[in-house]
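What follows is the residue order along each chain.
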Amino acid sequence: MKDQLFNAEKTRYLAGLFAGADAGFEAAEFEARVMARLPELELKARISWIAEVLGEMLPADLPEAAPVLLRALPAPLDPAKKDDDFGDFIFAPLGELVAAKAEGHPDLGLDLLAEITQRFSMEWAVRPFLNRWPELTLARMKKWAEHGNYHVRRLVSEGTRPRLPWGQAVGLGLTDALPLLDVLHADSTRYVTRSVANHLNDITKKDPDLVLARLAAWRGAGQQDSGELDWMAAHALRGLVKSGHPGAMAMLGFDPEATVEAAVELAGEARIGGALEFAVTLDAPQRQPVLVDYIVHFRRPGGKVSPKVHKLKQAVIDGSPLTLKKKHKLKGDATTFRLVPGMHRLEVQVNGRICAAAEFDLLG
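Everything numeric here is computed off the predicted structure, so don't read it as measured data.

**Remarks on the overall build of the chain**
- Within the chain one finds 16 helices and eight strands.
- Oriented by its inertia axes, the alpha-carbon framework of the chain measures out at about 75 × 50 × 35 Å.
- Taking all 364 residues of the chain together, 49% fall into the buried category.
- Seen as two clouds, the 45 positive and the 48 negative side-chain charges of the chain have centres 4 Å apart.

Following this line, the structure appears as structure tokens:
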């Protein structure tokens, strides 16, 4: 991925933008300096290296560099889209550059991030601002939460996430950004509401009850479309659902105390490179919505057991037994999780409770 996102062609494109914005910018020199080291670097290091070279070739002070940077920006991403428009990674170094030059000019730095994020998400670049100028940045984010461009609105929820992937840790408390999410949860754009849900999912790792209470409050407020809020709740609670959290199950409409009879039947042999095939039969004395997961307890090379939770089905038991079938592939060439022959365990989880189990011998 690093070679697709940061390469000679992308470097030349960025150089051309800055040469067009400043007649004194030496595009060939920029390309040569960047490419001298780029191939040896990993993805995040490539972002930092491009930002470093660019910073040395622009005016040292942010007020002098800002006009050049703004003129170099291409047109914003399509504001009519609703989702999946993250932007071009080649603009990620611009955020790192702004953060590096922001000392003494944090307001200007935030102005620039609001512009750049309309070309590529500045979720990583805004986090140094949250650490160095938390009150100023949160005050600005309060305004951004009602910005006309959805990329700026999304930056508020994504930039403040407690566990942002690849992002610098921030010193915010779990509740510090919740007033911002109170505004953003009603957004009309899925790109924003997905970010809000991901933010809540991060919080569930530390305080599940806080998330459940907020979702309940949002339902009571009635500001978001009910279907979208249901989607957000399911996405926000996905980690808790995997762990069988009763409160999460109840929030999503699945009774964790429901009486459900379950049986699991294996079909054929399970072999590395093949598949684990099984059928689950569920029955209940009355109509019952069910959320069904299955857990495979994989043996690890050192003898430990690693459980992996997988989705099976959301369904309704209604007057007759419900049978669900699954064919779980057992990849033998996976680089991140090596399968080990031997006895394994399959469990069926219904509304957060283990209701059936079976042992199987994984063959090599």
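Anyway, onward from the coordinates.
**A word on the sheet that holds strand β2 (residues 270–271)**
- Pairing within the open sheet is mixed, and its five strands lie in the order β2-β8-β7-β4-β5. Unpaired on one side and paired on the other, β2 and β5 (305–317) mark the two borders of the sheet.
- Sheet topology places strand β4 (residues 288–299) next to strand β7 (residues 342–350); six bridges connect them, and they run antiparallel. Paired with I295 across the strands is E347, a residue of β7.

**Regarding the sheet that holds strand β6 (residues 322–329)**
- Taken together, three strands build an open sheet; the order of strands is β1-β3-β6 and the sheet is antiparallel. Whereas interior strands pair on both sides, the edge strands pair on one side only; in this sheet they are β1 (261–267) and β6. Strand-to-strand, the axes of this sheet are offset by a mean angle of 20 degrees, without reference to chain direction.
- With seven bridges connecting them, β1 and strand β3 (residues 275–283) associate as antiparallel partners. What sits directly across from V264, in β3, is V280.

**A closer look at helix α12 (residues 190–204)**
- A rise of 1.5 Å per residue sets the reference length of α12, with its 15 residues, at 21 Å; its end C-alpha atoms lie 21 Å apart and thus fit the reference within 8%.
- With 13 of 15 residues buried, α12 is to be regarded as a mostly interior element.

**A closer look at the packing of helix α6 (residues 92–101) against helix α7 (residues 106–116)**
- In contact at an axis separation of 10 Å, α6 and α7 are set at 175 degrees when each is read in the N-to-C sense. With respect to α7, the axis of α6 lies roughly antiparallel. Residue-level contacts link L94, G95 and V98 of α6 to G109, L112, L113 and I116 of α7.
- Of the residues assigned to the contact of α6 with α7, the class counts are five nonpolar, two polar and no charged.

**Here we look at the nonpolar core**
- Ranked by size, the top nonpolar core spans 89 residues in total, and within it F6, F18, F30, W144 and L237 carry the most contacts.
- Here the element with the most residues in this core is helix α4 (residues 43–57); it accounts for eight residues.
- Contact partners of F6, with chain neighbours within four places excluded, come to L38, L43, R46, I47, I50, F89, I90 and P93.
- Formed by 29 residues, the second largest nonpolar core is a distinct cluster that contains L276, L282, V350 and A356.

**A word on the side chain of D202**
- If you trace the backbone, D202 turns up in helix α12.
- The exposure class assigned to D202 is buried, which follows from its relative accessible area of 5%.
- Within the structure, the side chain of D202 is placed 2.9 Å from the side chain of R161, a separation counted as a polar contact.
- Residues contacting D202, with those up to four places away along its chain left out, are R161, P162, R163 and L164.

Basis of the calculations
- Residues numbered from 1 in each chain as written.
- Predicted model: local features only at pLDDT ≥ 70, side-chain atom pairs only at ≥ 80, totals over all residues.
- Heavy atoms only, no water.
- Helix = DSSP H or I, 4+ residues; strand = E, 2+ residues; numbered from the N terminus.
- Buried < 20%, exposed > 50% of the residue type's maximum accessible area, 1.4 Å probe, protein only.
- Lys, Arg positive; Asp, Glu negative; His and termini not counted.
- Charge placed at Lys NZ, Arg CZ, Asp CG, Glu CD.
- Pairing = 2+ DSSP bridges.
- Axes fitted to C-alpha atoms, helices over the stretch in contact; angles between N-to-C directions.
- Expected span 1.5 Å × (residues − 1).
- Parallel < 35°, antiparallel > 145°, perpendicular 65-115°, else oblique.
- Contact = heavy atoms within 4.5 Å.
- Nonpolar A, V, L, I, M, F, W, Y, C, P; charged D, E, K, R; others polar.
- Core = buried A, V, L, I, M, F, W, Y, C linked by side-chain atoms within 4.5 Å.
- Polar contact = N/O pair within 3.5 Å; in protein donor to acceptor, adjacent residues only side chain to side chain.

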